[in-house]
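# A structural walkthrough
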Amino acid sequence: MKGIRVYMKVLLCTLNFDDGGVTKAFIEAERCLVENGIQCDILVEKNEGVYRDYFSQKNVKELKFRFARIAKLLNCMRANQKKSVIEKICINFIKIIRKLFYFNILFFLANVFTEKNDNDYDIVIDFHGYGNFMTYYLSYNFPDSKKYTWVHDERIHTLKYIYKEFRRYDKVCCVSSSCKYNIESKYPFLNNVSVVHNIINVKRIKEFSNQFHVNNDKKLIVSVGRLEHQKGFDIIPEIALKLQKDKIDFLWLIIGDGSLYDELDESINKYDLNHFVHLKGFCKNPLPYIKNAYIYFQPSFHEGFPTTISEAVVLEKVIVASNIPSMYEAIQNINNELLIPRDVDLMYKLLKNLLTDTKMYEKYQDSFKEIEIDDFSNDLLKLVKGDDKL
């Protein structure tokens, strides 16, 4: 039995420090724990990424594999990464095994091909979740620690493979009520599912939104996110074309990078929208753009707890987004009529009205200013302190 500690020791685990809402949430979670006197170490599959410099070198550990080929294969399973013929064959084999037997070979790799880590932690957190390798690795290791895994999306395609692993964790922490509902509706026998919202650091959002000035004399529509299918940015050029034909003076900034960058760029050129839609690429701090937006636009197919929507709420922006469950939660059911089906014509008409009808725009702007922001830091602190009411 462990001796009594005067402090709590937590191991926070994720894949890497690449761009995305999960990494931003990870940054705030680590800061919250450290600021509240909790010792945090970090375990990653790959010690790299655009946000690596946000963390101290001394408390970051990289998962060690007994064979370098295994580590390379796991990295190659990530989307948008070049793969050799042999690697493609191995990955396709894993996918076939999954489909035929609902069996994930990752748990075998987790047990056989990884070196063991220090087990001296009160709590181990699989923050990235999604049923990636780390979920399996943690579930079969650290027997003396409490274990929590995170769910960051209301639509996870790997859920049918990983729900059995959820029973190896003390808590399954969903970042929104819609994520929780999605799991419990499919697997009602799981009794360890709770909502632990991502932290919204209001002070830091406002501070970072003033980091640089955005020069523009047009009404800005801003969309921020990875350029992947989930975010739904493919409809933006069609909407922008309709607005341009109506001779509306606007500029649409799409901030982010991903596999759909070239496809979006091609559509913008095809419709001759270069003066109306700009692909800005990756930006480490997009908050000044959101702050200067006339409208913040997010047409996602699905989310967990949409980080950029929360940031836009803090910065009192008028928000137009798809009517998925997590969006309602993020805007606290204020101005629900601005959440509409992901349809080109419907979204075009709503944006046109907001861009041309000043009274309508100001009505929504005023109501967004009235939203009271909860930073949700208590959710995480209650969890690590063992509050059973979560």
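All figures in this text were calculated on a predicted structure; none of them were measured in a lab. (Residues numbered from 1 in each chain as written. Predicted model: local features only at pLDDT ≥ 70, side-chain atom pairs only at ≥ 80, totals over all residues. Heavy atoms only, no water.)

Let's shift gears to the overall build of the protein chain. A count of helices and strands for the protein chain gives 16 helices and 13 strands. Looking at the protein chain residue by residue over its 390 residues, the buried ones come to 55%. Restricting the contact set of the protein chain to residue pairs at least 6 apart, pairs at least 24 apart contribute 69%. (Helix = DSSP H or I, 4+ residues; strand = E, 2+ residues; numbered from the N terminus. Buried < 20%, exposed > 50% of the residue type's maximum accessible area, 1.4 Å probe, protein only. Contact = heavy atoms within 4.5 Å.)

Residues Asp 262, Glu 263, Asp 265 and Glu 266 make up a contiguous surface patch of negative charge. Of note, Glu 263 is situated in helix H10 (residues 261-270). (Patch = residues over 30% accessible without salt bridge, like charges linked within 9 Å, V, L, I, M, F, W, Y side chains within 5 Å. Areas by Shrake-Rupley, 256 points an atom, 1.4 Å probe, with all protein chains shown as cover. Salt bridge = Lys/Arg side-chain N within 4 Å of Asp/Glu carboxyl O. Lys, Arg positive; Asp, Glu negative; His and termini not counted. Charge placed at Lys NZ, Arg CZ, Asp CG, Glu CD.)

Within soluble globular proteins, side chains that are nonpolar tend to cluster in buried spots. Counting residues in hydrophobic clusters, the biggest one holds 114 residues, and the most contacted among them are Trp 150, Val 222, Ile 239, Leu 243, Trp 252 and Leu 354. Excluding residues within four positions of it along the chain, Leu 243 makes contact with Ile 221, Ile 248, Phe 250, Trp 252, Tyr 348, Leu 351, Lys 352 and Leu 355. Of all hydrophobic cores here, the second largest spans 12 residues; its members include Leu 11, Cys 13, Leu 63 and Tyr 121. (Core = buried A, V, L, I, M, F, W, Y, C linked by side-chain atoms within 4.5 Å.)

At a closest axis distance of 5 Å, the pairing of helix H14 (residues 344-356) and helix H15 (residues 358-369) adopts a crossing angle of 100°. The angle between H14 and H15 falls in the class roughly perpendicular. Here Leu 350, Asn 353, Leu 354 and Thr 356 of H14 come into contact with H15, specifically with Thr 358, Met 360, Tyr 361 and Tyr 364. The residue makeup of the contact of H14 with H15, split by class, is 5 nonpolar, 3 polar and no charged. (Axes fitted to C-alpha atoms, helices over the stretch in contact; angles between N-to-C directions. Parallel < 35°, antiparallel > 145°, perpendicular 65-115°, else oblique. Nonpolar A, V, L, I, M, F, W, Y, C, P; charged D, E, K, R; others polar.)

This brings us to the pairing of strand S4 (residues 123-126). Taking every second residue as pointing to the same face, both faces of S4 are buried, with Ile 123 and Ile 125 on one and Val 124 and Asp 126 on the other. Bridge count between S4 and strand S5 (residues 146-151): 4 bridges; the pairing is parallel. When the sheet's bridge partners are listed, Ile 123 is paired in S5 with Lys 146. Between the parallel pair S4 and S5, the chain is carried across by helix H5 (residues 133-139), and the sense of this crossover is right-handed. (Pairing = 2+ DSSP bridges. Right-handed = clockwise from strand over helix to strand, strands pointing away.)

Once that is clear, we can look at the sheet that holds strand S8 (residues 219-224). Across the sheet, 6 strands lie side by side as S10-S9-S8-S11-S12-S13; this open sheet has parallel pairing. With one partner strand each, in any of the chains shown, strand S10 (277-281) and strand S13 (339-340) form the two edges of the open sheet. Direction of pairing for strand S9 (residues 250-255) relative to S10: parallel, over a ladder of 4 bridges. Each bridged residue has a counterpart across the sheet, and for Trp 252 the counterpart in S10 is Val 277.

Once that is clear, we can look at helix H16 (residues 377-384). Most of H16 is tucked away, with 6 of its 8 residues classed as buried. Looking at H16, one finds that the buried residues are Ser 377, Asp 379, Leu 380, Leu 381, Leu 383 and Val 384. The inward-facing, buried residues of H16 abut helix H1 (21-35), S4, S5, strand S6 (171-174) and strand S7 (193-195). Just past H16, the residue Gly 386 takes up positive phi, approximately 80°.

The subject of this paragraph is the confidence of the model for the protein chain. Residues with a pLDDT of 70 or more make up 85% of the protein chain, whose mean pLDDT is 87. Taken as a whole, residues 1-6 scores under 50 in pLDDT and shows 9 contacts with residues more than four places along the chain or in a different chain. (pLDDT = per-residue confidence, 0-100.)

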